[in-house]
Amino acid sequence: MQDTTFNEIADLALRLTGQVIQPSKSYLVKSRLAAICRRESFSSLDDLAHCIKSRPNPRFEKEVAAALTSKQTSFFGDRDLLERIVTHALPHRLKASKTGRLRVWCAGVATGQEAYSLALRLSEEAVPALKGAEIEIVGTDISPDCIQVAEAGTYGHFDVQKGLSIHRLMLNFSRQDTGDWRISQKLRDTVSFRLHNLLEDASSLGQFDVILCRNVLSQIAPSLHARVAQNLANQLLPGALLMAGRGESLTGLLEDLEPSRDVRGAYIRKSKSGAVAA
Amino acid sequence: MKNCLIVDDSRVVRTVASRIIRDLSFETLEAGDGAEALRKCREQMPDAILLDWNMPTMNGIDFLRALRREENGKDPVVVFCTNENDPEHISEAIRSGADEYIMKPFDADIVESKFAEIGLI
């Protein structure tokens, strides 16, 4: 791959998804675009870059940019955070809810493991503080391929052996003839997936009680963090909680976000000056 | 340092598994079938056992049932590691006293994840 090709592809990723790809990670570009190159019969990435330049096609550019994002995820990737959501964040929100209906958004969910882990955990043992709650989980990702996998809820041999105990696997998945494992209909029914770019306004997704955005900011250019955080914060119900991954602090990113006094590691929107607290 | 007995009739699998498990700060011992594994357990009960299913002389499931009847035989954490990856085999292993189950082929991340699931690391 020529240096100019790498630069053009890295620019495309930054422009469309905010993702930063360091030159030292040029091998990622190769592996993540391999399927597209095969399908389009490009003999090299130089061909692909040339095609993008000579025949501009926004749909194809979007597809390339989405393919370049990290798909790395696993079941129960951050147990501590999931536990805090189940035992603290959701009960805290339930207290403020009149209807008992709570909505959770897993933003940048890749192939869906995080959303399903939360659904699975919530299904396992009744959390007394969540009695009567009806919890809807929405997962979004920029990659149509990821959303397809997530909606099918079907995972390979290696995926289901990382983060899941054999008991959880046996109780919640069924083995397919292909050798893959599919998560139960019951859990699939509690989670839905939508295509969404976090650089864009998310109002079509509605408002949420808890927004979880893990391992996303660390992939995105720092200059775009505030924009992503604003798009997330805009979808918070009053008093709702925004949570990021380990080592991804939101402190100081937005004027109107402040650490929650009730749930460790979570942020809430500041109530507007002059507004009367309900 | 904890120790782990690796029971598999394939020397290649034993060598690969041994390297992975040593990297998790275990001492490793090896046995080529269930009978040899049982002799080693009688000499010294290991903290963990990585156990293949299909082996000559004594297979994994027969070894596991015999082990659990031994004095202190309930102590070791037993992780099956086998090509048998259908739900029936997995259920039978759990009923017979297995604590975790790895479906081959496996890699270092899977072993680490499974060892973590059962609190070995």
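The structure reproduced in this document is the subject of the present report. (Residues numbered from 1 in each chain as written. Chains lettered and ligands numbered in written order. Predicted model: local features only at pLDDT ≥ 70, side-chain atom pairs only at ≥ 80, totals over all residues.)

Turning to the overall build of chain A, a few remarks are in order. For chain A, the helix and strand inventory stands at ten helices and ten strands. With the C-alpha coordinates aligned to their principal axes, the bounding extent of chain A is approximately 60 × 55 × 30 Å. A total of 278 residues make up chain A; the buried ones form 40% of that total. Once local pairs closer than 6 in sequence are excluded, the contacts in chain A between residues at least 24 apart make up 74%. (Helix = DSSP H or I, 4+ residues; strand = E, 2+ residues; numbered from the N terminus. Buried ≥ 20, exposed ≤ 12 C-beta atoms within 10 Å, placed from the backbone. Contact = placed C-beta atoms within 7 Å.)

Further remarks concern the pairing of strand β10 (residues 266-269) of chain A. Residue and element names in this part refer to chain A. Relative to β10, strand β8 (residues 236-244) is paired through two bridges, and the arrangement is antiparallel. Bridge assignment links Leu242 to a residue of β10, and that residue is Tyr267. Hairpin connection, strand β9 (residues 257-259) to β10: the antiparallel pair is bridged by six residues, and Gly265 has positive phi, about 80 degrees. (Pairing = 2+ DSSP bridges.)

Another point: the interface of chain A and chain B. At the junction of the two partners, chain A supplies nine residues and chain B supplies 13 residues. By residue class, the composition of the side of chain A that touches chain B is three nonpolar, four polar and two charged. (Nonpolar A, V, L, I, M, F, W, Y, C, P; charged D, E, K, R; others polar.)

Take the pairing of β8(A) next. Residue and element names in this part refer to chain A. The pairing of strand β7 (residues 208-213) with β8 spans five bridges and is parallel. From the neighbouring strand, Cys213 faces β8, where its bridge partner is Ala244. Traced from β7 through helix α10 (residues 225-233) to β8, the parallel crossover comes out right-handed. (Right-handed = clockwise from strand over helix to strand, strands pointing away.)

Residue and element names in this part refer to chain A. Where helix α2 (residues 26-39) meets helix α4 (residues 58-67), the axes come as close as 9 Å, and the angle between the chain directions of the two elements is 140 degrees. Of the residues in α4, those touching α2 at Arg32, Leu33 and Ile36 are Glu63, Val64 and Ala67. Classifying every residue of the contact of α2 with α4 by side-chain character gives four nonpolar, no polar and two charged. (Axes fitted to C-alpha atoms, helices over the stretch in contact; angles between N-to-C directions.)

All names here are of chain A. Taking strand neighbours across the sheet as the criterion, the seven strands line up as β6-β2-β1-β7-β8-β10-β9 in an open arrangement whose pairing is mixed. In this open sheet, the two edge strands, each paired with only one partner strand, are β6 (191-195) and β9. Pairwise comparison of adjacent strand axes, ignoring direction, gives a mean angle of 25 degrees for this sheet. Note: strand β1 (residues 101-107) against β7, three bridges, orientation parallel. Considered in β7, the bridge of Trp105 is made with Ile211.

Turning our attention to the sheet that holds strand β5 (residues 181-183) of chain A. All names here are of chain A. Taken in spatial order, the three strands line up as β3-β5-β4 in an open sheet, and their pairing is antiparallel. With partners counted over all chains shown, the strands left at the sheet margins are β3 (154-155) and β4 (173-175), one partner each. Bridge count between β4 and β5: three bridges; the pairing is antiparallel. Following the sheet pairing, Ser174 is matched in β5 by Arg182.

Residue and element names in this part refer to chain A. If you check which residues of α10 are buried, you get His225, Val228, Ala229, Leu232 and Ala233. Within α10, the buried residues cover an arc of 135 degrees as seen down the axis, which keeps them to one side. Here the buried face of α10 lies against β1, β7, β8, β9 and β10. (Arc of directions from axis to C-beta.)

Turning our eyes to something else, we now look at the environment of Thr4(A). All names here are of chain A. Relative to the assigned elements, Thr4 resides in helix α1 (residues 3-17). With 11 C-beta atoms packed within 10 Å, Thr4 lands in the exposed category. The spacing of Thr4 and Gly206 is 202 residues in sequence and 41 Å in space, taken between C-alpha atoms.

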